[in-house]
Amino acid sequence: VDAGGAGVGGDAGEELTGIPSAEMIGKSDHDFFPPADAALYVARDRAALTSRGVLETAEETIQTRHHGARITHVWKVPIVDAAGQPTHLLGISEDITERKRIAVTLQQSEERFRLLVEQSPDVIGIYQDTRLVFINATGVRLLGAQTPAELLGRKSEHMVHPDDFPDVKARIQRRLAGETGMYPAEVRYLRLDGTSLLMEVSAAPVMYEGQPAVQFIARDIGDRKRSEEQLRVQASALDAAANAIVITDQRGTIQSVNAAFTTLTGYTAAEAVGQNPRLLNSGQQDATFFRNLWQRISSGQVWSGEMTNRRKDGSLYFEEMTITPLLNAAGGIVRYIAIKQDISARKRAEAALQENADLATLEAEVGTAITQAGSLGEMLQRCSEAVVVHLDGAFTRVWILNEAAQMLELQASAGCYTHLDGPHGRVPVGQFKIGRIAQERKAYLTNQVVGDPRVADQAWAQREGMVAFAGYPLMLADRVIGVAAIFARHPLGDATLQALAVIANTIAVGIERKQ
């Protein structure tokens, strides 16, 4: 520009501002820029003209026609005549917009990295020549210091447990020699108070302030190790437990089982994990049972009860089970723990006691019927009804032998059949299973009615669910006077069969008295 502030040209200026050189000539800053900006530029031009030296502006923002705001680095110097008076002003403007953007981006990146390092939950530090030259805030806190200055300059041998230092020293040397890759190692670091802190450490070679160094990242794993040890103890306790233990997720999928589960059910852990506990379902409990169970535990309540389950080999067993929901901090169910105890032996003992009590009551009622009942038919009917009630029989019948006709005549029937007429009302000796019992003079016993050759009507047996049959000849000395028989929809045990033999003898004596 000339001394009056009018432009005199410049191709580079045209490229920067987007204003043609021809348009610039003879014009001032006020013709192209906002008033405030133009006034600032003119003031700086005047200052440069009077300074008689170079006037530098590190950053000057101008509004261009084609690129918007641009940042420039400006140098201005007056051009003087022979008398030393300024006639023009030479301005050199360097567009530094991109350089400033890169610098800002780099600064922001460095700031983010600094925040990441300082706010990292892991310890981040740098060793150089075996001395600590950098440590972040987490490292300061975990190592028991108040400020980084308390730790900086300390040698690695003074920061690591003596037993671990030889390995740490070798790792640092390998890193400085150019070894790459991340290989975590467990190292005990020493706090300022001398206590140790178990850390998982990874290290890598870096350049720090122009010199080779080793950067390490360390994580406090003390809590994790304690948790792992607690889990190992718990797992050992589960395996050592006498009761079977099953852990499932919230959907009921088996996550783990202990050794006692395998002993109880026959299923190994590999076979059970990933399955649903219904693999033990015996079919002895109905859908309502399981619906009530799931409603209770899914509401966060403990369920306790007994059920019959099926082992891998198909055998049934009784178990007593408690299911406890495990809740997270928010109160949601994350696991179910089921503790199972085999109570089959107890159930058998309870059943035996009940059976003995029932048999004792049955024998007493039969004895009462023998001594108190009026007619022979009444006595036999009361005995039959007592057998059905106390042995949970399907039906019981008693026939008396007509010796002259060699015919067994039905005198009493209790249970699901009470009529005395029909095909079984008169049975010839030697025919059907009843007649053969009288002929052979010995009891016939089976807990497999379906498939038994002496049970002629197999379709009826299957339809009615008959399982057991016991038939006894009614004997007086060597003479047969009748037959007593029972059908049941469940197996008859040895004690029951022995009691029935005694009852048959008692009924025989009662028949003799009534006759």
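These numbers come from a predicted model, not from an experiment.

1. Things to note about the confidence of the model for the protein
For the protein, per-residue confidence averages 88 on the pLDDT scale, and 97% of positions sit at 70 or higher. Highest mean pLDDT in the protein belongs to strand 14 (residues 395–402) (96); lowest belongs to helix 1 (residues 11–17) (75).

2. Examining the nonpolar core
Counting residues in each nonpolar core, the largest one holds 32 residues, and the members touching the most others are Leu362, Leu380, Leu474, Leu500, Ile507 and Ile511. Within the residue set of this core, elements represented by two or more residues are helix 11 (344–372), helix 12 (376–391), strand 14, strand 18 (468–476), strand 19 (479–488) and helix 15 (494–514). Ignoring sequence-local partners within four residues, the contact set of Leu474 consists of Val398, Trp399, Arg479, Val480, Ile481, Gly482, Val483, Ala484, Ala504, Ile507, Ala508 and Ile511. If you look at the next biggest cluster of nonpolar residues, it comprises 23 residues, including Val140, Met199, Ala203 and Phe216.

3. What about the environment of Arg65?
Note on placement: Arg65 falls in the loop between strand 1 (55–63) and strand 2 (69–80). The exposed category is assigned to Arg65, whose relative accessible area is 51%. Counting along the chain gives 333 residues from Arg65 to Val398, while the straight-line C-alpha distance between them is 122 Å. At a separation of 2.6 Å, a polar atom in the side chain of Arg65 contacts the side chain of Glu23.

4. Details of the pairing of strand 1
Along any regular strand, the residues point their side chains to alternate faces of the sheet. Pairing geometry for strand 1 and strand 2, over seven bridges, is antiparallel. Bridge pairing in strand 2 links Glu60 to Thr72. Hairpin connection, strand 1 to strand 2: the antiparallel pair is bridged by five residues, and Gly68 has positive phi, about 70°.

5. Brief notes about a nonpolar patch on the surface
Taken together, the side chains of Ile79, Leu90 and Ile92 define a hydrophobic patch exposed on the protein surface, amounting to about 250 Å² of accessible area. Secondary-structure assignment places Leu90 in strand 3 (residues 86–95). Overall, the relative accessible area of 40% leaves Leu90 in the partly exposed class.

6. Quick notes on the packing of helix 11 against helix 15
If you want to describe how two helices pack, look at the angle between their axes and the distance between the axes. At a minimum axis distance of 10 Å, the contact between helix 11 and helix 15 shows a crossing angle of 5°. Relative to helix 15, the element helix 11 is oriented roughly parallel. For the pair helix 11 and helix 15, the contacting residues are Glu355, Asn356, Leu359, Leu362, Glu363, Val366, Ile370 and Thr371 in the first and Ala495, Thr496, Ala499, Ile503, Thr506, Ile507, Gly510, Arg513 and Lys514 in the second. Residue classes in the contact of helix 11 with helix 15 are distributed as eight nonpolar, five polar and four charged.

7. Some remarks on the sheet that holds strand 1
Backbone hydrogen bonds are what pair the strands of a sheet, in a parallel or an antiparallel way. Taken in spatial order, the three strands line up as 1-2-3 in an open sheet, and their pairing is antiparallel. Either end of the sheet is taken by a strand with one partner, and the two such strands are strand 1 and strand 3. Averaged over all pairs of adjacent strands, the angle between strand axes in this sheet comes to 35°, irrespective of strand direction. Sitting on the sheet, helix 3 (residues 35–51) is in contact with strand 1, strand 2 and strand 3, with an inclination near 160° to strand 1. Set on the sheet, helix 4 (residues 97–119) makes contact with strand 1, strand 2 and strand 3; between it and strand 2 the angle comes to about 130°.

8. Here's the deal with the sheet that holds strand 14
Strands sit in the order 16-15-14-19-18-17 across an open sheet of six strands; the sheet is antiparallel. Every other strand in the sheet has two partners, leaving strand 16 (426–428) and strand 17 (444–446) as the edge strands with one partner each. Direction aside, neighbouring strands of the sheet carry axes that sit 25° apart on average. The pairing of strand 17 with strand 18 spans three bridges and is classified as antiparallel. Within strand 18, the position partnered with Leu445 by the bridge is Ala470. Each of strand 14, strand 15 (407–415) and strand 19 touches helix 12; the most contacted strand, strand 15, lies at about 50° to it.

Criteria and thresholds
- Residues numbered from 1 in each chain as written.
- Predicted model: local features only at pLDDT ≥ 70, side-chain atom pairs only at ≥ 80, totals over all residues.
- Heavy atoms only, no water.
- pLDDT = per-residue confidence, 0-100.
- Helix = DSSP H or I, 4+ residues; strand = E, 2+ residues; numbered from the N terminus.
- Core = buried A, V, L, I, M, F, W, Y, C linked by side-chain atoms within 4.5 Å.
- Buried < 20%, exposed > 50% of the residue type's maximum accessible area, 1.4 Å probe, protein only.
- Contact = heavy atoms within 4.5 Å.
- Polar contact = N/O pair within 3.5 Å; in protein donor to acceptor, adjacent residues only side chain to side chain.
- Pairing = 2+ DSSP bridges.
- Patch = residues over 30% accessible without salt bridge, like charges linked within 9 Å, V, L, I, M, F, W, Y side chains within 5 Å.
- Areas by Shrake-Rupley, 256 points an atom, 1.4 Å probe, with all protein chains shown as cover.
- Salt bridge = Lys/Arg side-chain N within 4 Å of Asp/Glu carboxyl O.
- Axes fitted to C-alpha atoms, helices over the stretch in contact; angles between N-to-C directions.
- Parallel < 35°, antiparallel > 145°, perpendicular 65-115°, else oblique.
- Nonpolar A, V, L, I, M, F, W, Y, C, P; charged D, E, K, R; others polar.

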